[in-house]
There are 2 protein chains.
Amino acid sequence: MTIVEIRIELKKGVADPEGKNTMKTLQSLGFQGISGVKTVKLFEVELDAPADKAQAEAEEMCRKLLANPVIQNYRVTVR
Amino acid sequence: MTIVEIRIELKKGVADPEGKNTMKTLQSLGFQGISGVKTVKLFEVELDAPADKAQAEAEEMCRKLLANPVIQNYRVTVR
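Residues numbered from 1 in each chain as written. Chains lettered and ligands numbered in written order. Predicted model: local features only at pLDDT ≥ 70, side-chain atom pairs only at ≥ 80, totals over all residues. Heavy atoms only, no water.

Trainee: Would you take a moment to explain the overall build of chain A for this structure?
Mentor: Helix and strand content of chain A: two helices and three strands. If you list the helices and strands of chain A from N to C, you get β-α-β-α-β. Principal axes of the C-alpha set define a box for chain A whose edges measure 45 × 25 × 15 Å. Within chain A, contacts between residues separated by at least 24 positions form 70% of all contacts whose residues are at least 6 apart in sequence. Positive and negative side-chain charges in chain A, numbering 12 and 11 respectively, have mean positions lying 9 Å apart. (Helix = DSSP H or I, 4+ residues; strand = E, 2+ residues; numbered from the N terminus. Contact = heavy atoms within 4.5 Å. Lys, Arg positive; Asp, Glu negative; His and termini not counted. Charge placed at Lys NZ, Arg CZ, Asp CG, Glu CD.)

So, in structure tokens, the structure goes:
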């Protein structure tokens, strides 16, 4: 059993309205000194495969389903 | 400038329909040996504060806005 962590984040320059609104709301609650909030999507996938195969398979999952290559980058970490 | 990573995940036993549907879709695409998919929300916050203060402030953000303590756990990591 291998657990892979798939981290999907927006590419540089792509708007992150959720992050922006979170920042505004935090500021309106009195938090100061925030210069940016970025949102990231994480999937933890339990795979019945050895680490190297799990890594390759998770990257394939990103290409086929989880990530949109136009606006997102992905990174796979085996835990 | 400190970057804190705020990781918000569902508590054990709380339903994760997004994860479940992602798993089903991956299986329907031919991926085998998946025994679970869990979704996690991540915020990267840039704070104008030293590391220890940033950590405390991020935890306060979770309590006040970002996490729902009934169904979610949060973890703050200073990078």
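Trainee: What am I meant to see in the packing of aromatic side chains here?
Mentor: Geometrically, a pair of aromatic rings is defined through the distance of the ring centres and the angle of the planes. Taken as a whole, this structure holds zero aromatic pairs over all chains when the rule is applied. It is Lys-41 of chain A that lies over the ring of Phe-43 of chain A; its NZ or CZ is 5.6 Å from the centre. (Phe/Tyr/Trp six-rings, centres within 6.5 Å; stacked < 30°, edge-to-face > 60°. Lys NZ or Arg CZ within 6 Å of the ring centre and 35° of its normal.)

Trainee: Where do I start with helix 1 (residues 17-28) of chain B in this structure?
Mentor: Spanning 12 residues, helix 1 of chain B covers 16 Å between terminal C-alpha atoms, matching the ideal 16 Å at 1.5 Å per step. Every buried residue belonging to helix 1 of chain B is among Gly-19, Thr-22, Met-23 and Leu-26 of chain B, and all of these are buried. Angularly, the buried residues of helix 1 of chain B cover 100° about the axis, an arc narrow enough to put them on a single face. Those residues of helix 1 of chain B that are exposed and aimed more than 90 degrees away from the buried face are Pro-17, Lys-20, Lys-24 and Ser-28 of chain B. Looking at the packing, one finds that the buried side of helix 1 of chain B touches strand 2 (34-47) and helix 2 (51-66) of chain A together with strand 2 (34-47) of chain B. (Expected span 1.5 Å × (residues − 1). Buried < 20%, exposed > 50% of the residue type's maximum accessible area, 1.4 Å probe, protein only. Arc of directions from axis to C-beta.)

Trainee: I would appreciate a short explanation of the pattern of salt bridges in the present structure.
Mentor: Pairing between side chains of opposite charge can happen when the charged atoms of each approach one another. Scanning the entire structure with this criterion turns up 24 salt bridges over all chains. Here Glu-57 of chain A makes a salt bridge to Lys-53 of chain A, at a shortest N to O gap of 3.9 Å. Linking Glu-57 of chain A with Lys-53 of chain A, this pair stays in helix 2, spanning four residues, or about one helical turn. Its relative accessible area of 14% is what places Glu-57 of chain A among the buried residues. Measuring nitrogen to oxygen at the nearest pair gives 2.6 Å for the salt bridge that ties Lys-38 of chain B to Glu-9 of chain B. One end of the pair, Lys-38 of chain B, is in strand 2; the other, Glu-9 of chain B, is in strand 1 (residues 2-10), with 29 residues separating them in the sequence. Where salt bridges share partners, they join Glu-5, Glu-44 and Arg-79 of chain A together with Arg-7, Glu-9, Lys-38 and Arg-75 of chain B into one cluster. (Salt bridge = Lys/Arg side-chain N within 4 Å of Asp/Glu carboxyl O.)

Trainee: Would you mind going over the interface of chain A and chain B with me for this structure?
Mentor: Accessible area lost during the coming together of the parts is what is often quoted as the interface size. Every contact between the two is made by 34 residues of chain A and, on the other side, 34 residues of chain B. Taken together, both faces of the contact between chain A and chain B bury some 2800 Å²; the carbon and sulfur share is 58%. For chain A, the biggest contributors to the area lost against chain B are Phe-31, Leu-42 and Glu-44 of chain A; these three give 19% of the whole. At the junction of chain A with chain B, the criterion picks out eight salt bridges. Notably, a salt bridge pairs Glu-44 of chain A with Lys-38 of chain B, separated by 3.8 Å at the nearest N-O pair. In this structure, the connection of chain A to chain B is made through 16 residue pairs in polar contact (both at pLDDT 80 or more). (Buried area = accessible area lost by both parts, 1.4 Å probe. Polar contact = N/O pair within 3.5 Å; in protein donor to acceptor, adjacent residues only side chain to side chain.)

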